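Here is what each chain is made of, one letter per residue.
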Amino acid sequence: FPRVAPFTATAVVAGKNGEGSHFRGRINRRLSLLLGVIFIVVLLIGGISVLSARSIYLSTEDIEKVSRHAEDIDAIHVYVHRLVLAVQESIISRNVFPERDRQQLIAELKKHLDDYTKREEAEEEFPEKQQEMKTFLEIRKLVTELFSVTERLSEAVAGGQNIDPRDLQYLTSANAILPI
């Protein structure tokens, strides 16, 4: 095979006294400046994006907290409703509402009340916290009274006794008086 000589390129500088070299230097500076500006803009946009993502994350945490509160309050309301409904059905049908079932509903209700209390106490202070805890203490008081009313009503149905109209009225209005 014939041997090929290596290719070497040489730059041709146009004009006298290196004018082309000066022109290339100005283009390099402009390109460097443009790339620097682009880099800074990308960094700024990235920083703004990171701050926006952090804000979204914090908002999501707040939404999760409020959602857990709403779920707890909803569960309390559901268990109060189930307890009231079960006792009402027992009274209407004159069938004894099993004490085990009543105690199970009460235990679930107490669990949700305690969960809500723990979650509230663990949170940092916020403006509505005092009012929220005041309302929650009212709910706890009403639910505690509901426990004793359902017990008296269940015992009256089981013993074939007359039902106290005040207990029946309390039971009927229990869902409406809960400040939920």
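Up top you'll find the structure we're talking about.
Residues numbered from 1 in each chain as written. Predicted model: local features only at pLDDT ≥ 70, side-chain atom pairs only at ≥ 80, totals over all residues. Heavy atoms only, no water.

Visitor: Got a minute to help me understand the nonpolar core in this structure?
Guide: Most often, soluble globular proteins keep nonpolar side chains buried together rather than apart. One finds Ile-76, Leu-109 and Leu-146 to be the most contacted residues of the largest nonpolar core, which totals 28 residues. Put simply, the parts of the chain that give this core at least two residues each are helix H1 (19-93), helix H2 (99-122), helix H3 (129-159) and helix H4 (165-177). (Core = buried A, V, L, I, M, F, W, Y, C linked by side-chain atoms within 4.5 Å. Buried < 20%, exposed > 50% of the residue type's maximum accessible area, 1.4 Å probe, protein only. Helix = DSSP H or I, 4+ residues; strand = E, 2+ residues; numbered from the N terminus.)

Visitor: Is there a simple way to think about the packing of H2 against H3 in this case?
Guide: The description of two helices packed together rests on the angle between their axes and the distance between the axes. Two numbers describe how H2 lies on H3: the axes approach to 11 Å, and their chain directions differ by 170 degrees. By the angle class used here, H2 and H3 are roughly antiparallel. The residues of H3 that touch H2, namely those facing Arg-102, Ile-106, Leu-109, Lys-110, Leu-113, Asp-114, Tyr-116, Thr-117, Glu-120 and Glu-121, are Lys-129, Glu-132, Met-133, Phe-136, Ile-139, Arg-140, Val-143, Phe-147, Thr-150, Glu-151 and Ser-154. Class assignment for the residues of the contact of H2 with H3 results in 9 nonpolar, 3 polar and 9 charged. (Axes fitted to C-alpha atoms, helices over the stretch in contact; angles between N-to-C directions. Parallel < 35°, antiparallel > 145°, perpendicular 65-115°, else oblique. Contact = heavy atoms within 4.5 Å. Nonpolar A, V, L, I, M, F, W, Y, C, P; charged D, E, K, R; others polar.)

Visitor: Teacher, can you tell me more about a nonpolar patch on the surface here?
Guide: There is a patch of nonpolar side chains on the surface, built from Ile-27, Leu-31, Leu-34, Leu-35, Ile-38 and Val-42 and spanning about 550 Å² of accessible area. Turning to its location among the elements, Ile-27 is positioned in helix H1. Residue class for Ile-27 comes out partly exposed when judged on its relative accessible area of 36%. (Patch = residues over 30% accessible without salt bridge, like charges linked within 9 Å, V, L, I, M, F, W, Y side chains within 5 Å. Areas by Shrake-Rupley, 256 points an atom, 1.4 Å probe, with all protein chains shown as cover. Salt bridge = Lys/Arg side-chain N within 4 Å of Asp/Glu carboxyl O.)

Visitor: Explanation requested: the layout of surface pockets in the structure shown.
Guide: Rolled over the atoms, a probe sized like a water molecule indicates the empty space that remains. Of the volumes computed, that of the largest pocket is approximately 220 Å³. In terms of lining, the largest pocket is formed by Asp-62, Lys-65, Val-66, His-69, Ala-70, Ile-73, Tyr-116, Glu-123, Glu-124, Glu-125, Phe-126 and Glu-132. A per-element tally of the lining of the largest pocket places H1 first, with 6 residues. Residue classes in the lining of the largest pocket are distributed as 5 nonpolar, 1 polar and 6 charged. (1 Å grid on protein atoms, 1.4 Å probe; cavity = no way out; pocket = protein on both sides within 12 Å on 5 of 7 lines; lining within 4 Å. Points joined across faces, edges and corners; volume = space filled by probe spheres on them.)

Visitor: Looking at this model, I keep getting lost on the packing of aromatic side chains. Mind explaining?
Guide: Within a pair of aromatic rings, the relevant descriptors are the distance that separates the centres and the angle that separates the planes. In the structure shown here, the tally under the stated rule is 1 aromatic pair. Ring plane angle 35 degrees and centroid distance 4.6 Å describe the contact between Tyr-116 and Phe-136, whose orientation is recorded as tilted. Taken together, the positions of Tyr-116 in helix H2 and Phe-136 in helix H3 put the pair 20 residues apart, joining distant regions of the chain. Phe-136 carries the same exposure label as Tyr-116, and that label is buried. (Phe/Tyr/Trp six-rings, centres within 6.5 Å; stacked < 30°, edge-to-face > 60°.)

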